[in-house]
2 protein chains.
Amino acid sequence: MKLSMVANHARWPRENDIIFNLSERAQSAEKKFGKDEVINATIGALMDDDGKLITMKTVYDELKSLPNAEISAYASIAGQDDYKEAVKKVCFQGNDPEGYMRVVASPGGSGAIKLAMWNYTNPGDVILTSDWYWSPYGTIGEEAGRSVANYRLFNEQGKFNIESFKEKFKDIIDKQGNIFTIINSPGHNPTGYSVSDSEWDEILDFAKDVAKDESKKIVLFIDVAYIDFVKNDVESRKFFKKFGNLPANILTIVGFSMSKGFTAYGMRMGAAIGISSSEDIIEEFYFSLMHSCRANWSNCNRGAMAILSSLVSDKEKYDEYKNEKDKYKDMLVKRAEAFVEGAKDANLEILPYRDGFFVSIPCENPRQVCEELTKENIYLVPLKMGLRFAVCAVSEEKCSKAPKIIKEVLDRI
Amino acid sequence: MKLSMVANHARWPRENDIIFNLSERAQSAEKKFGKDEVINATIGALMDDDGKLITMKTVYDELKSLPNAEISAYASIAGQDDYKEAVKKVCFQGNDPEGYMRVVASPGGSGAIKLAMWNYTNPGDVILTSDWYWSPYGTIGEEAGRSVANYRLFNEQGKFNIESFKEKFKDIIDKQGNIFTIINSPGHNPTGYSVSDSEWDEILDFAKDVAKDESKKIVLFIDVAYIDFVKNDVESRKFFKKFGNLPANILTIVGFSMSKGFTAYGMRMGAAIGISSSEDIIEEFYFSLMHSCRANWSNCNRGAMAILSSLVSDKEKYDEYKNEKDKYKDMLVKRAEAFVEGAKDANLEILPYRDGFFVSIPCENPRQVCEELTKENIYLVPLKMGLRFAVCAVSEEKCSKAPKIIKEVLDRI
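Residues numbered from 1 in each chain as written. Chains lettered and ligands numbered in written order. Predicted model: local features only at pLDDT ≥ 70, side-chain atom pairs only at ≥ 80, totals over all residues. Heavy atoms only, no water.

**Considering the overall build of chain A**
So, step 1. The helix and strand inventory of chain A stands at 13 helices and twelve strands.
So, step 2. Overall, the C-alpha framework of chain A stretches about 60 × 55 × 55 Å when taken along its three principal axes.
So, step 3. Relative to its 413 residues, chain A shows a buried fraction of 63%.
So, step 4. The long-range share in chain A, meaning contacts at least 24 apart out of those at least 6 apart in sequence, stands at 74%.
So, step 5. Taken as a whole, chain A presents about 15700 Å² of accessible surface, with 46% of it coming from carbon and sulfur.
So, step 6. Of the charged side chains in chain A, 54 are positive and 62 negative; the average position of the first set lies 3 Å away from that of the second. (Helix = DSSP H or I, 4+ residues; strand = E, 2+ residues; numbered from the N terminus. Buried < 20%, exposed > 50% of the residue type's maximum accessible area, 1.4 Å probe, protein only. Contact = heavy atoms within 4.5 Å. Areas by Shrake-Rupley, 256 points an atom, 1.4 Å probe, with all protein chains shown as cover. Lys, Arg positive; Asp, Glu negative; His and termini not counted. Charge placed at Lys NZ, Arg CZ, Asp CG, Glu CD.)

**As for the environment of K57(A)**
So, step 1. With respect to the helices and strands, K57(A) occurs in helix α2 (residues 57–65).
So, step 2. It is 20 Å that separates the C-alpha atoms of K57(A) and I227(A), two residues lying 170 residues apart in sequence.

**Some details on the sheet that holds strand β9 (residues 358–362) of chain A**
All names here are of chain A.
So, step 1. Strand order in this open sheet of three strands is β9-β12-β11, and the pairing throughout is antiparallel. A single partner strand is all that each edge strand has here, and the edge strands are β9 and β11 (381–382).
So, step 2. Inspection of the sheet shows β11 paired to strand β12 (residues 386–390) by two bridges, in the antiparallel sense. Across the sheet, the residue bridging to V381 is R388, located in β12.
So, step 3. Strands in contact with helix α13 (residues 396–412) are β9 and β12; relative to β12, the strand with the most contacts, it is inclined by about 165°. (Pairing = 2+ DSSP bridges. Axes fitted to C-alpha atoms, helices over the stretch in contact; angles between N-to-C directions.)

**Looking at the side chain of T55(A)**
So, step 1. Residue position: T55(A) is located in the loop between β1 (39–40) and α2.
So, step 2. T55(A) sits in the buried class, given a relative accessible area of 17%.
So, step 3. Apart from residues lying up to four places away in sequence, T55(A) is in contact with Y60(A), T263(A), E324(A), N68(B), A69(B) and S72(B).

**Structural notes on the sheet that holds strand β11 (residues 381–382) of chain B**
As a general point, the strands of a sheet are linked pairwise by backbone hydrogen bonds and lie either parallel or antiparallel.
So, step 1. Spatially, β9-β12-β11 (chain B) is the arrangement adopted by the three strands of the open sheet, whose pairing is antiparallel. This sheet does not close on itself; its edge strands, each paired only once, are β9 (358–362) and β11 of chain B.

**Some details on the pairing of β12(A)**
Residue and element names in this part refer to chain A.
So, step 1. Taken across its five residues, β12 has five buried, putting it largely inside the fold.
So, step 2. Pairing between β9 and β12: five bridges, direction antiparallel. Directly across from S360, in β12, lies its bridge partner R388.

**As for the interface of chain A and chain B**
So, step 1. Contact residues are listed per partner, giving 83 residues for chain A and 82 residues for chain B.
So, step 2. Here chain A packs against chain B, burying approximately 7000 Å² in sum over the two surfaces, 57% of which is carbon and sulfur.
So, step 3. Where chain A meets chain B, there are four salt bridges.
So, step 4. For K2(B), the salt bridge goes to D280(A), with nearest N and O atoms at 3.3 Å.
So, step 5. At the junction of chain A with chain B, the criterion picks out 54 residue pairs in polar contact (both at pLDDT 80 or more).
So, step 6. Those elements that place two or more of their residues in the side of chain A that touches chain B are α2, α3 (68–72), α5 (108–120), α6 (136–143), β6 (217–223), β7 (250–257) and α9 (279–296) of chain A. (Buried area = accessible area lost by both parts, 1.4 Å probe. Salt bridge = Lys/Arg side-chain N within 4 Å of Asp/Glu carboxyl O. Polar contact = N/O pair within 3.5 Å; in protein donor to acceptor, adjacent residues only side chain to side chain.)

**With respect to the pattern of salt bridges**
Pairing between side chains of opposite charge can happen when their charged atoms approach one another.
So, step 1. Going through the model one piece at a time under the given rule, you end up with 56 salt bridges over all chains.
So, step 2. Measuring nitrogen to oxygen at the nearest pair gives 3.1 Å for the salt bridge that ties K216(A) to D213(A).
So, step 3. Accessibility expressed as a relative area gives 14% for K216(A), which makes it buried.
So, step 4. Where D61(B) meets K57(B), a salt bridge forms, and the shortest distance between an N and an O atom there is 2.5 Å.

**What to know about the domain arrangement of chain A**
All names here are of chain A.
So, step 1. You can read the domains of chain A as domain 1 (8–56 + 318–412) and domain 2 (71–315).
So, step 2. Between the C-alpha centres of domain 1 and domain 2 there is a distance of 26 Å.
So, step 3. A combined buried area of about 3000 Å² lies between domain 1 and domain 2, and 57% of that area is made up of carbon and sulfur atoms.
So, step 4. For domain 1, the biggest contributors to the area lost against domain 2 are Y318, R354 and D355; these three give 23% of the whole.
So, step 5. Taken together, domain 1 and domain 2 are joined by five salt bridges.
So, step 6. Here K325 and D233 are joined by a salt bridge, their closest N and O atoms 2.9 Å apart.
So, step 7. For the interface between domain 1 and domain 2, the tally reads 18 residue pairs in polar contact (both at pLDDT 80 or more).
So, step 8. Elements that contribute at least two residues to the side of domain 1 that touches domain 2 include exactly α11 (315–346), β9 and β12.
So, step 9. It is α11 that contributes the most residues to the side of domain 1 that touches domain 2, nine residues altogether. (Domains from an automatic or database assignment.)

**Focus: helix α4 (residues 81–92) of chain A**
All names here are of chain A.
So, step 1. Between its first and last C-alpha, α4 extends 17 Å over twelve residues, near the 16 Å set by a 1.5 Å rise per residue.
So, step 2. By the burial criterion, the buried members of α4 are Y83, K84, A86, V87, K88, V90, C91 and F92.
So, step 3. Residues of α4 that are buried sit in contact with β2 (100–106), β7, β8 (270–276), α9, α10 (302–313) and α11.
So, step 4. Downstream of α4 by a residue or two, Q93 has a phi angle that is positive, lying close to 45°. (Expected span 1.5 Å × (residues − 1).)

**Observations concerning the relation of the copies chain A and chain B**
Between the two copies of this chain, the relationship is a rotation about some axis together with a displacement along it.
So, step 1. Take chain A, turn it by 180°, move it 0.0 Å along the axis, and it overlays chain B with an RMSD of 0.0 Å. Interpreted geometrically, this transformation is the action of a two-fold axis. Among all residues of chain A, the one whose C-alpha sits closest to the rotation axis is K64(A), at a distance of 2.7 Å.
So, step 2. Of the residues that chain A buries at the interface, 99% are likewise interface residues in chain B, meaning the two copies contact each other through the same surface. (Least-squares fit on C-alpha atoms with pLDDT ≥ 70 in both.)

**Section: α9(A)**
Residues and elements named next belong to chain A.
So, step 1. Here α9 is 18 residues long and its end C-alpha atoms lie 26 Å apart, about the 26 Å a rise of 1.5 Å per residue gives.
So, step 2. Of the residues that open α9, the one with a side-chain oxygen 3.3 Å from the backbone nitrogen of D280 is S278.
So, step 3. A positive backbone phi angle near 70° is found at S298, which sits one or two residues after α9.

**Some remarks on a negative patch on the surface**
All names here are of chain A.
So, step 1. Residues E163, E167, D171, E202 and D205 make up a contiguous surface patch of negative charge.
So, step 2. Residue assignment for the negative patch shows that the elements contributing at least two residues are α7 (162–176) and α8 (197–210).
So, step 3. Among the elements that make up the negative patch, the one with the highest residue count is α7 (three residues).
So, step 4. Secondary-structure assignment places D205 in helix α8.
So, step 5. Residue classification places D205 among the partly exposed residues on the basis of a relative accessible area of 48%. (Patch = residues over 30% accessible without salt bridge, like charges linked within 9 Å, V, L, I, M, F, W, Y side chains within 5 Å.)

**Focus: the nonpolar core**
So, step 1. Counting residues in each nonpolar core, the largest one holds 281 residues, and the members touching the most others are F389(A), I406(A), F389(B) and I406(B).
So, step 2. Residues in contact with F389(B), not counting those within four places in the same chain, are I39(B), A41(B), F339(B), F357(B), F358(B), V359(B), L380(B), V394(B), C399(B), A402(B) and I406(B). (Core = buried A, V, L, I, M, F, W, Y, C linked by side-chain atoms within 4.5 Å.)

**A look at unusual backbone geometry**
So, step 1. Put simply, S185(A) and P186(A) share a cis peptide bond, and its omega is -5°.
So, step 2. Inspection of the secondary structure puts P186(A) in the loop between β5 (178–184) and α8.
So, step 3. One non-glycine residue, S298(A), lies in positive phi territory at about 70°.
So, step 4. Positive phi is not limited to glycine here, since N365(B) has a value of about 45°.
So, step 5. Structurally, the position occupied by N365(B) is in the loop between β9 and α12 (366–374).
So, step 6. You can call N365(B) partly exposed: its relative accessible area is 48%.

**Some thoughts on the packing of α5(A) against α6(A)**
Residues and elements named next belong to chain A.
So, step 1. The geometry of α5 relative to α6 is characterised by a closest axis approach of 10 Å and an angle of 40° between their N-to-C directions. The orientation of α5 relative to α6 falls into the category oblique. Crossing handedness for the pair α5 and α6: right-handed. Touching S110, I113, K114 and M117 of α5 are Y137, I140 and G141, all from α6.
So, step 2. Residue composition of the contact of α5 with α6, grouped by class: four nonpolar, two polar and one charged. (Parallel < 35°, antiparallel > 145°, perpendicular 65-115°, else oblique. Left-handed = near helix turned anticlockwise from the far one by under 90°. Nonpolar A, V, L, I, M, F, W, Y, C, P; charged D, E, K, R; others polar.)

Here it is in structure tokens:
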């Protein structure tokens, strides 16, 4: 038998990231045919119309004006206190749910998901998320012996499929006694769907009903990575209020990330915000997650924390940042509208888009379709049930014309 | 029964970091009595004689001159290619072991330990390290259901206790079939011991002997977090050569960190370097660790990687950095010498110090002694078997006079 040194649980297929590969191929094509001829819709970051990464001036000016010691020193294990306060301010913007809250810093939104999933599930547990989902949820789970089950995200009307959600939720909690469910909203990756306020009510009414059995434990993980690029900043945050005053056996964890809202992807800064009506449950949350911080990465990027704390504590700077961000948000909204409009004109079926960086196109054999699209110099990301088009990374003009080409390729396959 | 929401494996005592608490108390004392009157030897970072954090100008000038996009963009999951090359260059400085090597980026040295331990041990496994050890090894282990066993670090002559090492090593590998052992050298935290070249030969001869049984799997994790502050930069790296051409069932993983050598603690940047005589084993290493990256923190601090790549690729800049670092190294060496000399004069027993940030003092009831020392305005870190004095953080003058006071307190308890 061939020698293997790793533990049994650590053997994975030896493959590189498919998004990264496609993105490299798109860049080669740009060199060969010119940037105007290529549509690279693989990248999950805001790019300008020339395909250059957008970096917010207010954010990077702040970083570069920090005293060196503010970047160099170790941060506290669970994050600097002023950062933890700034996270709540930026995330809730006044819509703080009633109850007890604690914040634990994490490397990006990914780190927050890791912290939450590790501490609130057991090996062998099944995590619940929708059938269209960001694949790292699965990777984070499988690494530690958890798996993912799915409900159908959409019903026939293209709305949140509460029936499917309830059915799967009941299945799992009846078997396990506990459930950990991830809802990525607003601006869901990969579909761009946002759960509406009334849909949140339905979800929470159902959860409260299940929670009447006090032996049941429910953890709602709300991944809000894309919240800063939702059309209406104020309206988009009202749903946070709904997580106040829930029964103690429902714990809400909000996954916050600086990656998108502050164009800080590479700085790896985020947080998990625990919300509970029980002080004891929220203390438990804090100390369990802090232990995981110490045991995984020790502490987080101090300079990135200082940027947020500093921006938030200075009204003038914060306003300047918001103006800058809104400018890019408007750009994103226009691109998305152009794509949705283009899809309508070309009769291309897309999933219900509301907000965020991505639009999804349902199709058979996504990998084959992606390959075929590269012949037309269009680069998308293949998912299990379709294709992901990154409107965040493609100019309005290209967003407008892409649907027709995609439709043609789909028709000829 | 009281409601608890976390999984069984995630319940830990609700306590804050003791080092952090002591450091806070030292700072209060400084405010009350003046900086000259207080010796704060708790901090594991280089401080100047006024107690201010030292940040290397060459490092932070580089960070602040990076294009924003070099900080903002997501890095590759396993790290940027130029960073991976730079890590090998900086770490080995020409003493590359023969064989196959791959590098996986991690958040600091802690992240590298996490990556290695997770992938090369099973739940329930026992990890081997010395009886004086950096406590997060235990935290990283216990988080995932691994525990730590110890050999005695020192023999009667104050040298590496190879007999105790062999005995414990055999115990574990006979039971488990595999072993994961961490050796933190040179400049061991907390004792300042450095394994000598001939001691490495003894360790490796023994490991090779055990590895003749091909069913046995041996992983040597070498934590070199303090290597850049060893007296002789060139001599200190010769031992790396010894990890070449080992049998395929011995895998060496070097834990690299930018924290100390580049005063980049808060940037969280390090790497795990795998070394094997088998290409297949090293590919397995790469893909297993990369999966863990994706599943824990996704990717690492891109700006920190760019600093290293940039410094290393420009001879002039790199020389300037080395000159700056060597200045601080000389300062550290003088402080350590002053402490060792002071201990000798005061008849204070200390452990054999060679290099690095810390000196250790064996004693009974370390917590009680630490409390008693605070009455003399000396702040140290209590360990299981003694006290840790951070020469990295204390002026030469204070290093010189501290041993006498410590001795007096020990005598009166």
